[in-house]
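Read off the chains here:
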Amino acid sequence: MLRYDDRHLKMNAKKAWQFTSQDFASDVQSTSEFLEDQSEIGNNKIGLIGHSEGGFIASIVGTQNPNIAFIISLAGPGVSGKTIAINQANDFNTSEIDKQYAIKAVEIVVNESDYKKRIKRLKQHLIKTYGWLNYFKNTRKRGLLSIAASNWNKQFCESNPQDYWKQITTAVLAINGDKDIQVKAHENLPVIEQALKQAENPNYKIKTIKNANHLFQINETIDMRDYNAMFKDYFDSK
């Protein structure tokens, strides 16, 4: 197994979020070409395993490299990035004002092509929604503006994984947890399966893991406090 650091390792947030899923797919393609050049490996013996966005990236590379033998998508998306972002806006926010703020922010990201204009419009939207005083108080939301406006977020919101999955004819295993509220199993797995059927892919398996969250930790509830705590549990266990 070959694992490598993402290209944005140790970069500050402003620099790191300039890279897109397509950039990461290019990196995966380079690593697969490296493996193909190894005499003990060769062609048609390389598979891709990707988690979350990594599942989407694996599907991109799978359409570009005919030598990929299999793809394993772990909590990967099937629906569009915009749909996922809007679903997350509804599921991650408990107040109606926060939900509407996040949904409108997604629309701004999708509709504004220029980065500087995007971040300006997002800032104006934040101030209009919460007021000047809360704008200065809420350092978290201000800090997220550059990420929301980033090229990565815009491209992801505009992406449609179906466009790639429906071209995949190599072996696929797609697994999502039924307690995942970041990439919901019941919304994404059927779309992946339908796309693979369109590709006339004869060799795939779709699996929902009971009580598993986005990190495939077994979790009996989808309460938001438990979902946020899972990241602390995950990193504490490393």
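This text follows the structure it describes.
Below, the structure is looked at part by part. A quick note: this is a predicted structure, and the numbers were derived from the prediction, not measured. (Residues numbered from 1 in each chain as written. Predicted model: local features only at pLDDT ≥ 70, side-chain atom pairs only at ≥ 80, totals over all residues. Heavy atoms only, no water.)

## Focus: the overall build of the protein chain
Phase 1: Summing up its helical and strand segments, the protein chain has 12 helices and 4 strands in all.
Phase 2: The C-alpha atoms of the protein chain give a radius of gyration of 19 Å, which matches the 18 Å a tight globule of 238 residues would have.
Phase 3: By its C-alpha atoms, the protein chain is 60 × 40 × 40 Å across when sized along the principal axes.
Phase 4: Relative to its full complement of 238 residues, the protein chain shows a buried share of 44%.
Phase 5: Expressed as a percentage of contacts within the protein chain between residues at least 6 apart in sequence, the contacts between residues at least 24 apart total 67%.
Phase 6: Accessible surface for the protein chain amounts to roughly 13300 Å². Of this, 50% is attributable to carbon and sulfur atoms.
Phase 7: Considering the protein chain, the positive charge centre built from 31 side chains and the negative charge centre built from 27 side chains are found 8 Å apart. (Helix = DSSP H or I, 4+ residues; strand = E, 2+ residues; numbered from the N terminus. Rg over C-alpha atoms; globule rule 2.2 N^0.38 Å. Buried < 20%, exposed > 50% of the residue type's maximum accessible area, 1.4 Å probe, protein only. Contact = heavy atoms within 4.5 Å. Areas by Shrake-Rupley, 256 points an atom, 1.4 Å probe, with all protein chains shown as cover. Lys, Arg positive; Asp, Glu negative; His and termini not counted. Charge placed at Lys NZ, Arg CZ, Asp CG, Glu CD.)

## Looking at the packing of aromatic side chains
Phase 1: Per the counting criterion, the structure on display carries 5 aromatic pairs.
Phase 2: Between W17 and W152, the ring centres sit 5.0 Å apart and the planes meet at 70°, which makes this aromatic pair edge-to-face. A residue pair is termed long-range when its members are at least 10 positions apart, and W17 in the loop between α1 (13-16) and α2 (21-36) and W152 in helix α9 (residues 151-158) qualify at 135 residues.
Phase 3: Its relative accessible area of 29% is what places W17 among the partly exposed residues.
Phase 4: Taking 5.7 Å as the distance between ring centres and 70° as the angle between the ring planes, the aromatic pair formed by F56 and Y164 counts as edge-to-face. Pair noted here: F56 is in helix α3 (residues 53-64) and Y164 is in helix α10 (residues 162-165), with a separation of 108 residues, a long-range link. No difference in accessibility class separates F56 from Y164, as the two residues are buried.
Phase 5: Put simply, the rings of W17, F56, W152, F156 and Y164 touch in pairs and so form one group of aromatic residues. (Phe/Tyr/Trp six-rings, centres within 6.5 Å; stacked < 30°, edge-to-face > 60°.)

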